[in-house]
2 protein chains.
Amino acid sequence: MERKQEVSKAVIQRLPRYYRNICELKAEGVQRISSRSLAERMGLTASQIRQDFNCFGGFGQQGYGYNIEKLMEELGSILGLSAGRTAILLGAGNLGRALLNNFDFEASGFRLLCAFDANPALVGQEFGGCEVRSSDTMPAFVAEHKPDVAVLTIPRGNAPDIARELVDQGIRGLWNFTGEDLHLGGLGVPVENVHLSDSLMTLCHLVSTTEE
Amino acid sequence: MERKQEVSKAVIQRLPRYYRNICELKAEGVQRISSRSLAERMGLTASQIRQDFNCFGGFGQQGYGYNIEKLMEELGSILGLSAGRTAILLGAGNLGRALLNNFDFEASGFRLLCAFDANPALVGQEFGGCEVRSSDTMPAFVAEHKPDVAVLTIPRGNAPDIARELVDQGIRGLWNFTGEDLHLGGLGVPVENVHLSDSLMTLCHLVSTTEE
DNA sequence: GAACTTTTGTTAAAATAATATCAATTCAAT
DNA sequence: ATTGAATTGATATTATTTTAACAAAAGTTC
């Protein structure tokens, strides 16, 4: 599993999509696949797929292709999905609740321990099987349970302060929906900034330039 | 505004982030900014910013920098945010309602006309100022109002069929939350596939590899 | 089991993207 | 006005990423 040299960010960002497609293939009952077939399915080149996989050591077989079962395990392991990581969610507003109710955290490698909100009306309620606790109790909870990552669905203004606080308390990653770009890479804490608006603006541009 | 040669996808995907930051600067009352300052703020290189902007014709001034007001207009125009585009939303389940209630479509260039759902209990209700209508009435509505894009927050299985139907009815773009990767580029219809799970899996990997 | 086909892993080449450099131009100060 | 500092836009360079090519290995068929 040890990598000779740093794997490029471009490759890393393709891994979840590979994993998704392999899971689908497994669900379809497929046992093995060649880089060519997978490339066709995903709209990539076979060459790119082979090179991507080989960043982590070849797990294919010449003349045969890739075994779906094995490939899924390998990709899952590279992504760290079975590491039993834990998460908490901060901010049980509309967006936070939508995630609690709909999003399958387990499928992305995380067990959601609980949510926190400052609003007393929400404290004690449960969404998607996850209890909302008072924000006051967050530091003690983090100190005790040491969750790996925090999901930030709090209002934007609070984001930088809370992020710093969480890092001080030992959080190892942030899934950030606040709209504020956070960069804690310098502190060794990765952040995934989610900006739905960026995606929609890109679509707006694409629609505008696809005009005939 | 005419481009000499195709602007690379990498540049396009940075535009929304530029736009966001310029909006913030304007809100802060800043009147002008140099590529160096902006680079520092955004964690990029000044060179990259100048080259990106120059893809669309230089709108800076030597010895002065970029005028915030002008830059915002130019970027907004490139993104097509003022084109008065319209959207409909399909599927007023948890995710759909979360978008209706929380997401600022106008800020990303779209006026949301209405939502559609097959569930009679939801039809007639309003979320975020947007009315839910019966799915049955969707084709007639699209034929009459010709919305530019459709937001897909329907269950995954239906996605491909509905997408094709929408394209036949003249839809020009899809903002796809179904989890199913849609590729209608061949039909000249751009799609933005949103996969929150990809983002969280990437974070899982980053947390795992940032281990000391 | 020999010939043929498939397909990988690896190396090389091509294409793309990011960064550095610098002349030309503008602003600001005296 | 003249000088000096700042900053762009363009070009050149470097780095990265993607694609192509192919020998080596495994499967398949007769």
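Located above this text is the structure these notes cover.
Criteria and thresholds
- Residues numbered from 1 in each chain as written.
- Chains lettered and ligands numbered in written order.
- Predicted model: local features only at pLDDT ≥ 70, side-chain atom pairs only at ≥ 80, totals over all residues.
- Heavy atoms only, no water.
- Buried < 20%, exposed > 50% of the residue type's maximum accessible area, 1.4 Å probe, protein only.
- Helix = DSSP H or I, 4+ residues; strand = E, 2+ residues; numbered from the N terminus.
- Arc of directions from axis to C-beta.
- Contact = heavy atoms within 4.5 Å.
- Pairing = 2+ DSSP bridges.
- Near = heavy atom within 4 Å.
- Polar contact = N/O pair within 3.5 Å; in protein donor to acceptor, adjacent residues only side chain to side chain.
- Nonpolar A, V, L, I, M, F, W, Y, C, P; charged D, E, K, R; others polar.
- Buried area = accessible area lost by both parts, 1.4 Å probe.
- Salt bridge = Lys/Arg side-chain N within 4 Å of Asp/Glu carboxyl O.

(A) Quick peek at helix α7 (residues 159-168) of chain B. Residue and element names in this part refer to chain B. All of the buried residues along α7 are A159, A163, L166 and V167. Along the axis of α7, the buried positions cluster into a sector of 100°, meaning they face one direction only. The elements touched by buried residues of α7 are β3 (85-90), α6 (138-145), β7 (149-152) and β8 (173-176). The positive-phi residue at the C-terminal boundary of α7 is G170, with phi of around 100°.

(B) Just the pairing of strand β6 (residues 130-134) of chain B, in detail. Residue and element names in this part refer to chain B. Pairing of strand β4 (residues 110-117) with β6, which is carried by three bridges, proceeds in the parallel orientation. Residue pairing across strands places A115 opposite V132, the latter belonging to β6. Inspection of the sheet shows strand β5 (residues 126-127) paired to β6 by two bridges, in the antiparallel sense. Bridging across to β6, F127 finds its partner in C130.

(C) Layout of the protein's contact with DNA strand C. Near DNA strand C lie 26 residues; those nearest to it are S35 and Q62 of chain A together with S47, Q51 and Q62 of chain B. When the atoms of DNA strand C within 4 Å of the protein are grouped by moiety, sugar and phosphate amount to 63% of the total. Here a phosphate oxygen of DNA strand C and a side-chain polar atom of Y66 of chain A are 2.8 Å apart. Elements that contribute at least two residues to the surface near DNA strand C include exactly α2 (35-42) and α3 (46-54) of chain A together with α3 (46-54) of chain B. In terms of residue count, the dominant contributor to the surface near DNA strand C is α3 of chain B (four residues). Of the residues assigned to the surface near DNA strand C, the class counts are three nonpolar, 18 polar and five charged.

(D) Spatial organisation of the interface of chain A and chain B. The interface of chain A with chain B comprises 57 residues on the first partner and 57 residues on the second. Both faces considered, chain A and chain B share a buried interface measuring about 5,000 Å² in area, 63% of it formed by carbon and sulfur atoms. E24 of chain A serves as the salt-bridge partner of R156 of chain B, at 2.8 Å between the closest nitrogen and oxygen. Taken together, chain A and chain B are joined by 24 residue pairs in polar contact (both at pLDDT 80 or more). Broken down by secondary-structure element, the contributors of at least two residues to the side of chain A that touches chain B are α1 (9-27), α4 (68-79), α5 (94-102), β8 (173-176), β9 (191-193) and α8 (196-209) of chain A. The dominant element in the side of chain A that touches chain B, judged by the number of residues it contributes, is α8 of chain A, at 14 residues. Class assignment of the residues belonging to the side of chain A that touches chain B gives a composition of 27 nonpolar, 19 polar and eleven charged.

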